[in-house]
Amino acid sequence: MTHVEDELTSQPECWSRAAAEAAHHSGALPPPGERVAIVGCGTSYFMAQAVAALREGAGQGETDAFAASEFPHGRSYDRIVALTRSGTTTEVLDLLGQVKGRTRTTALTADPATPVTDAADEVVVLDFADERSVVQTRFATTALTLLRAHLGLHTEEVVEDARTALATPLPEGLVGCTQFTFLGRGWTVGLANEAGLKMREASLAWTEAYPAMEYRHGPISVTTRGTATWMLGEAPEGLAAQVRETGGQWVPGTLDPLAELVRVQRLAVAVAAARGLDPDRPRHLTRSVILARP
C-alpha cells in the first residue's frame, strides 16, 4: 500500500476527530461577522475556495479565497486564515509576514515545529492528519471538516458517506477513461478543482474542472466516448442527459461532496496503478514549495 492509499483511507477517523475538536479551536477561528480572506497554495487554495463559499453562504460574513501569491493587499480584512500542511510554503509565509501587525491571522497546519507558528497570530494544529505523501488527501479534507464544523455545517452523516466511499467499488470503466472533467456548484467548485488536481498529480491524467453551469459553455465539446464527467453535488437539470448524448460517461454525486472527493482520490490511485505510476512519487513535485531567496 502506498502512503497516499494509507492516508486517504484514514479520513473518516480524521474527520470525526476534527469535528470533535472544533469547539476547542473556536477562539482562533473567525467568528460570525468578520470579513475574512482564506488563502493557500495548490490543494490548500482549493480548500480555501470551498470554505469561503460555505462561510459566506451560511451568512457568517463576507469571505474571499485567494492563492497566497495573489492576495490583494489593497483590500481590508478583519482576519486572514492560511491553510498550509507543511507550515513552510514560501508564498504563505511571505503573506503572513507582510500583514503581521496590521491584520489578524490564523494558520491551520499539520506541523507546529515550522515557521508558520511564529508567522501567524493564532495556530491550529492538526498533526493527527499530517501526511508522508506529497499528494495531499487527509490533511486538506480534515482542515475543511474542522472549518465546516466550526460553521455548524458538519454532521456524522458526512463521515458515514466517507466510509461508503472507501468501501464501495468505483464506477465500472472509469479507470480506462482518457479524460476526466469534474464539476461543482457553490462550495463544491473548490472540490471539483481539487479533484482535477489529484488526478493530475497522482496519475498524470488529463483533467479539467468547472462550475457545473459553465460546462455547457464550451468544455462539453471535448466530451466523447472514453471521457468521464463527474458531478460533485447536485447536478443542474438536464446536464446528465446532455453528457450521455455525447457518448461520455456521466458520474453522479450520490454522497456528500466531500466524500465524493474521497472516491476521486481512490480513482487517482487506481489510474496511477493502471498506468504503472507511483502516486507517492509525483512528477516534478515536492511536499512543500520553498523558493530560494535571491
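Just above, that's the structure.
The model shown is predicted, which means the values in this text are computed figures rather than measured ones. (Residues numbered from 1 in each chain as written. Predicted model: local features only at pLDDT ≥ 70, side-chain atom pairs only at ≥ 80, totals over all residues. Heavy atoms only, no water.)

Enquirer: What should I look at first to understand the overall build of the protein in this one?
Expert: Looking only at helices and strands, one finds ten helices and nine strands in the protein. Its C-alpha atoms give the protein a radius of gyration of 19 Å, within 12% of the compact-globule value 19 Å for 294 residues. Counting the 294 residues in the protein, one finds 55% classified as buried. Looking at the protein, you have 26 positive and 36 negative side-chain charges, and the mean spots of the two groups are 3 Å apart. (Helix = DSSP H or I, 4+ residues; strand = E, 2+ residues; numbered from the N terminus. Rg over C-alpha atoms; globule rule 2.2 N^0.38 Å. Buried < 20%, exposed > 50% of the residue type's maximum accessible area, 1.4 Å probe, protein only. Lys, Arg positive; Asp, Glu negative; His and termini not counted. Charge placed at Lys NZ, Arg CZ, Asp CG, Glu CD.)

Enquirer: Explain the environment of L144 here, please?
Expert: Tracing the backbone shows L144 in helix α6 (residues 138-150). With a relative accessible area of 1%, L144 lands in the buried category. Along the sequence, L144 and A18 sit 126 residues apart, while their C-alpha atoms lie 9.2 Å from each other. Sequence-distant contacts of L144, that is, excluding residues within four places in its chain, are made with M47, A50, V51, L54, W187, L191 and L258. (Contact = heavy atoms within 4.5 Å.)

Enquirer: Help me out: how do you make sense of the sheet that holds strand β8 (residues 227-232) in this one?
Expert: Paired through backbone hydrogen bonds, the strands of a sheet run either parallel or antiparallel to each other. Pairing within the open sheet is parallel, and its four strands lie in the order β7-β6-β8-β9. Both outer strands of the open sheet, β7 (206-211) and β9 (249-251), are each paired with one neighbouring strand and no more. Shown here is a sheet whose adjacent strand axes are inclined to one another by a mean of 20°, direction ignored. As judged from the three bridges shared by β8 and β9, these two strands associate in the parallel manner. Bridged to W230 within β9 is V251. Running over the sheet, helix α9 (residues 239-246) touches β6 (179-184), β8 and β9 and is turned about 155° from β9. In the packing of helix α10 (residues 257-274) onto the sheet, the strands contacted are β6 and β8, and the crossing angle to β8 comes to about 155°. (Pairing = 2+ DSSP bridges. Axes fitted to C-alpha atoms, helices over the stretch in contact; angles between N-to-C directions.)

Enquirer: Hey, could you run me through the packing of aromatic side chains in this one?
Expert: Given two aromatic rings, one states the distance between the centres and the angle between the planes to describe the pair. Using the criterion set out here, one finds five aromatic pairs in the structure. Between F66 and Y77, the aromatic rings sit 6.3 Å apart at their centres with planes inclined by 70°, giving edge-to-face as the arrangement. Taken together, the positions of F66 in strand β2 (residues 63-67) and Y77 in the loop between β2 and β3 (79-84) put the pair eleven residues apart, joining distant regions of the chain. Of the two residues, F66 and Y77, neither departs from the other in class, the shared state being buried. Among the aromatic side chains, those forming a connected cluster through ring pairs are F66, F71 and Y77. (Phe/Tyr/Trp six-rings, centres within 6.5 Å; stacked < 30°, edge-to-face > 60°.)

Enquirer: How should the packing of helix α3 (residues 43-57) against α6 be read in this particular structure?
Expert: Relative placement of two packed helices is described by the angle separating their axes and the distance separating the axes. It is at 10 Å that the axes of α3 and α6 come closest, and there the two elements cross at 20°. Between α3 and α6, the interaxial angle falls into the category roughly parallel. Note that α3 runs across α6; the crossing there is right-handed. Counted together, T43, M47, A50, V51 and L54 of α3 and A140, T141, L144, L147 and R148 of α6 form the full contact between these two elements. Partitioning the contact of α3 with α6 into residue classes produces seven nonpolar, two polar and one charged. (Parallel < 35°, antiparallel > 145°, perpendicular 65-115°, else oblique. Left-handed = near helix turned anticlockwise from the far one by under 90°. Nonpolar A, V, L, I, M, F, W, Y, C, P; charged D, E, K, R; others polar.)

Enquirer: How do you make sense of the sheet that holds β2 when you look at a structure like this?
Expert: Strand order in this open sheet of five strands is β2-β1-β3-β4-β5, and the pairing throughout is parallel. Each edge of the open sheet carries a strand with a single partner, namely β2 and β5 (122-125). Averaged over all pairs of adjacent strands, the angle between their axes in this sheet comes to 20°, without regard to strand direction. Sheet topology note: the strand β4 (residues 104-109)/β5 ladder contains four bridges and is parallel. For A107, the partnering residue across the bridge sits in β5 and is V123. Contacts from α3 reach β1 (36-40), β2 and β3, with the element oriented near 170° to β2. Helix α4 (residues 90-99) contacts β1, β3 and β4 of the sheet and is inclined by roughly 160° relative to β3.

So, to be careful, I would describe these as geometric facts and stop short of saying anything about function.
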